[in-house]
Structures are given as C-alpha cells and as structure tokens.
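# Notes for the structure review
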Amino acid sequence: MTDTFRLLCVDDEPGLARLVATHLERDDDLGCETAAETDPREALRRVERESFDCVVSDYDMPGLTGVELLSAAREAEPELPFLLFSATGPDEIAAEMVRAGVSDYVSKHGGADGYTALLRRVKRAEAGERGRLDAGFDDGRPSDVALDGVCTVGPDGTFEFVGEEYGELYGYDPEELEGEPWQRLHPADEVEHIRTHIILAVTGGERWSGTSTGLRADGSRFAESKMVSTTADDRLVISVSPLDAVGRAADD
C-alpha cells in the first residue's frame, strides 16, 4: 500500500463517478486520494499500472460489468478490496458477486444513507478488513472450496434470490422458496442457533463461516457448510454445500 489511501471510483455516468470520489475524498477521517474513471477498461489499465488500495465500482457498465472488472483486476492485484456501488439489486447478481469475491455491496437506491453506508464500508477496507462475499473459510479450512449454492435473504427474512443449486440442495425449485422465510430450510432447534449466533454475528457487517443443519423438502436433515455475509442494506448473502462434498473437495 501507498502512504496515502488511494481509491479508484468507476461509473459510466461521469457526474456520478466524480460525485462518489468527491464524497469519499472530503471525509476527514478517511483522508484518501481519489481518481474517477467512466470506462471500466481504462479503469482496469490503471489498476494494472498504478497502485490503488480500494476500488468502488458500478455494476451495469458498457464494455465490462463491475464483476468482470473485478475478476480482471484481481489478476493484477489478488487482494485488492473491491466494492460494488450499484442500482442493480443484489438478488440479481448474488451468484456473480460470491463467485468473483466482491468485498462488499452497497445500493445506490439509499440516497444520502447509501453514501453513508458506502463511506463506512470503505473505512473498513482502509482499516485492513478485507472480507469478501466469497465462498472461502476463515476458520482454518481451505479457502478455495467452492460453495455453489447461493441465495440472498431480504431484510424481512424472506428469500429474494435462490440459485438453482441452492434450491436443489434442499429439494426445491427456486421459485418455491422465493418469498418464503429462511427458517423453512432448517429444523426448529437449528433456527434458534442461526438467529442467536450466525445472524447476530453478521449484523455488524462481519462474515460468518462454519457448519449448520439443513432441512430438505422430504424432511431429512443434513450437515451443511455455510458462509453468510451481509450487504450494507441489510441483505444476507448465503453460500452453502453439503459438508461431505466440501470434505471431498478439500481432500483432492
């Protein structure tokens, strides 16, 4: 890292790219230096030839989406914190965000609150908290194990997006679960554990990874490896796989 915290703000709307950069640069506590780009391909070239400590990017852009920009940028800077600041709902791009390892997501729809949330998440990156919405583990197990079942849960506790693999794991079609409470996929004793331990742990923006018990449509239970993180607008992003599948991958 450079002595000055350097931020690259990427948005195909010129006024918005500069607005985001100015908002972050004016915060005295952050004390950063910013650059703004409207072309994601030029942003990638800058990441490759300059030193940045964090990137804040829109998702829906011509040429490269924010996630595609992230994937390419991480080839040059594998540990680069990368935040999406987007009007595209997290339910639409949850699987992409998880698999690419987006550091965080903040919705543009929050108005002034959205900028406040963005500033808070950038400060976390500046403090060295390099969490990702990815499928790795932080409890001593391999970080390259893929948890392909992905979903998002809204602030009201119901499923917003359910990936096909996620639904299949529990014996449901995705549309059967969307709009349903997350409790439907866990036995009663596990629901209380998830409420008091997992959800409480991620409420402050942390990531939780470990094991829990899933409940399939046929009533059978299974041990699952789970990663849970939260977006700035209080949505949960969840990745999951059967525990035995993760064990086999780790042994390979």
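Here, the structure is the one placed above.
Residues numbered from 1 in each chain as written. Predicted model: local features only at pLDDT ≥ 70, side-chain atom pairs only at ≥ 80, totals over all residues. Heavy atoms only, no water.

### Digging into helix α5 (residues 112-126)
The end-to-end C-alpha distance of α5, which contains 15 residues, comes to 21 Å, matching closely the 21 Å that a straight helix rising 1.5 Å per residue would cover. Tucked inside the fold, the buried residues of α5 contact β1 (5-10), α1 (14-25), β3 (54-57), β4 (82-86), β5 (104-107) and β9 (221-230). After α5 finishes, the residue G128 shows a positive phi value of roughly 95°. (Helix = DSSP H or I, 4+ residues; strand = E, 2+ residues; numbered from the N terminus. Expected span 1.5 Å × (residues − 1). Contact = heavy atoms within 4.5 Å.)

### Here we look at helix α8 (residues 188-202)
The end-to-end C-alpha separation of α8 is 21 Å, in line with the 21 Å expected for 15 residues at 1.5 Å each. Of all the bends in α8, the greatest, near 40°, is centred on I194. Three or more residues of α8 are buried, namely E190, V191, I194, I198 and V202. For α8, the secondary structure elements touched by its buried residues are β8 (208-215), β9 and β10 (236-242). (Bend = angle between axes of the 7 residues up to and from the residue. Buried < 20%, exposed > 50% of the residue type's maximum accessible area, 1.4 Å probe, protein only.)

### Thoughts on the state of the cysteines
Tallying each qualifying case throughout the model produces zero disulfides. Of all cysteine sulfurs, the one in C32 lies closest to C9, which takes part in no disulfide; the gap is 7.6 Å. Judged by relative accessible area, C9 falls into the buried class, the value being 1%. Among the cysteines around C54, which has no disulfide bond, C9 carries the closest sulfur, lying 8.3 Å off. The buried category is assigned to C54, whose relative accessible area is 0%. (Disulfide = S-S within 2.5 Å.)

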